[in-house]
Amino acid sequence: MELKRQITIILSGSLLAVLVLTFIFVFFFLKGIRQTSAELVNIKKELVSFQTKLSGEEDLKEDYQKIEPDLARIENSFVNPEVPVDLIKFWEQTASDSGIYINIAPISSSVDEKDKKYVWDYMNFRLSLFGSFGDLLRFLERIEAGPYLVEIKDLSVQKLNSSDLVSKEYPGLSVNGVRAILTLKVFTVSE
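Per chain, the residues get numbers from 1 upward, laid out in the order the sequence is written. In keeping with the model being predicted, local features are shown solely for residues with a pLDDT of at least 70 and side-chain atom pairs are shown and tallied solely at 80 or more, while totals for entire chains, interfaces and linings include all residues. Remark: hydrogens and water are excluded; side-chain values derive from all non-hydrogen atoms of the structure.

## Quick word on the packing of aromatic side chains
Keep this limit in mind: For Phe, Tyr and Trp, rings pair up if their centres lie within 6.5 Å, where Trp contributes its six-membered ring, and each pair is then called stacked (planes under 30 degrees apart), edge-to-face (over 60) or tilted (otherwise). Under the scheme used here, helices are H or I runs from DSSP no shorter than 4 residues and strands are E runs no shorter than 2 residues, and both carry numbers assigned from the N terminus. Whether a charge sits over a ring comes down to the Lys NZ or Arg CZ being within 6 Å of the ring centre and within 35 degrees of the ring normal.
If you walk through the whole model with that rule in mind, you get 5 aromatic pairs. The interplanar angle of 70 degrees and the centroid separation of 6.3 Å between the aromatic rings of tyrosine 122 and phenylalanine 187 together place this pair among those described as edge-to-face. Placement of tyrosine 122 in strand E2 (residues 121-131) and of phenylalanine 187 in strand E4 (residues 178-188) is noted, with a sequence separation of 65 residues between them. An aromatic cluster of three or more residues is present, and its members are Phe23, Phe27 and Phe28. Taking NZ or CZ as reference, lysine 185 lies 4.0 Å from the ring centre of tyrosine 122, over its face.

## Some points on the nonpolar core
Inclusion rule: Residues belong to a common nonpolar core when they are buried Ala, Val, Leu, Ile, Met, Phe, Trp, Tyr or Cys residues joined through side-chain atoms within 4.5 Å. To sort residues, take the accessible area from a 1.4 Å probe on protein chains only and compare it with the maximum for the residue type: under 20% means buried, over 50% means exposed, and anything in between is partly exposed. It only takes one pair of heavy atoms within 4.5 Å for two residues to be counted as in contact.
Residues Trp91, Leu127, Leu129, Phe139 and Leu182 are the most contacted members of the largest nonpolar core, which totals 20 residues. For this core, the secondary-structure elements that each account for two or more residues are helix H2 (85-98), E2, helix H4 (133-144) and E4. Beyond its immediate chain neighbours, meaning those up to four positions away, leucine 127 contacts Trp91, Ile102, Asn103, Ile104, Phe139, Ala180, Ile181, Leu182 and Leu184.

## Observations concerning the pattern of salt bridges
Operational definition: For this document, the term salt bridge refers to a Lys or Arg side-chain nitrogen within 4 Å of an Asp or Glu carboxyl oxygen.
Per the counting criterion, the structure on display carries 2 salt bridges. In this structure, the salt-bridge partner of glutamate 57 is lysine 61, at a minimum N-O distance of 3.8 Å. Highlighted residues: glutamate 57 and lysine 61, both in helix H1 (residues 2-77), separated by 4 residues, approximately one helical turn. By relative accessible area, which is 51% here, lysine 61 ends up exposed.

## Remarks on the pairing of E2
Quick note on the threshold: Two strands qualify as a pair provided DSSP detects at least 2 bridges between them.
Counting buried positions along E2 yields 9 of 11 residues, so the element is predominantly enclosed. Across 11 bridges, E2 lies against E4 in antiparallel orientation. Bridge pairing in E4 places glycine 131 opposite valine 178.

## Notes on the environment of asparagine 124
Looking at the secondary structure, you find asparagine 124 in strand E2. On the basis of relative accessible area, asparagine 124 is assigned to the buried category, the value being 1%. Taking C-alpha positions, asparagine 124 is 8.8 Å from lysine 153, a pair spaced 29 residues apart along the chain.

## Thoughts on the side chain of serine 128
Note on placement: serine 128 falls in strand E2. With sequence-adjacent residues up to four places away left out, serine 128 is seen in contact with Tyr101, Ile102, Asn103, Ala180 and Ile181.

## So, the packing of H2 against H4
Heads up, the rule is: Orientation is described by lines fitted to C-alpha atoms, with helices fitted over the stretch in contact, and by angles between N-to-C directions that extend from 0 to 180 degrees. Here a crossing is taken to be left-handed if its near helix is turned anticlockwise relative to the far helix by less than a right angle, and right-handed if that turn runs clockwise. Each residue is assigned to one class: nonpolar for Ala, Val, Leu, Ile, Met, Phe, Trp, Tyr, Cys and Pro, charged for Asp, Glu, Lys and Arg, and polar for all the others, Gly among them.
Relative orientation of the contacting elements H2 and H4 amounts to 145 degrees, with a least axis distance of 9 Å. As for how H2 packs across H4, the hand of that crossing is right-handed. Two secondary-structure elements touch here, H2 through Phe90, Trp91, Thr94, Ala95, Asp97 and Ser98 and H4 through Asp135, Arg138, Phe139, Arg142 and Ile143. Tallied by class, residues from the contact of H2 with H4 come to 5 nonpolar, 2 polar and 4 charged.

## Focus: H2
Applicable threshold: Between the first and last residue of a helix there are one fewer steps than residues, each counted as 1.5 Å, and that sum is the expected span.
Between its first and last C-alpha, H2 extends 20 Å over 14 residues, near the 20 Å set by a 1.5 Å rise per residue. Within two residues after H2, glycine 99 carries a phi angle of roughly 80 degrees, on the positive side.

In structure tokens, the structure reads:
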């Protein structure tokens, strides 16, 4: 019987040792599976986040392509303060097309005045205009609808006097003509 008891004790001890080793092995194996699963979930989240960002970036590219012509048009609405030649040509051509005479003089800029009311820099111009009242209105409509950002600051209109009518500088002015002094604020872009 003693042999039976020893066999039972050895078997019980061996079985207990196998169970403990199995439990330890399974515990560490499951712990490794949990860690690997957690890493896999994090990788999947990062992948979804990356795909969302990539999709957002592609949407931005599409949106930019849609608004790019408008951005170019807006950029061209500002005048180069160093060389406002295109603006002056536009005014001269518009005056010619409207049938009026024009004299253009720059008078100041936002750098001179330190005006903090406006976000953008600007230049002020004084335009002396001679012609009929209807032609003057046509000119004003065209420059307001033109490609440049302008603000009319001041406008004074008076009937032409006899000395204006005999001037050789402005031939063809009629008795019903007007002289207008127009002060414009033209927004500029710094380069």
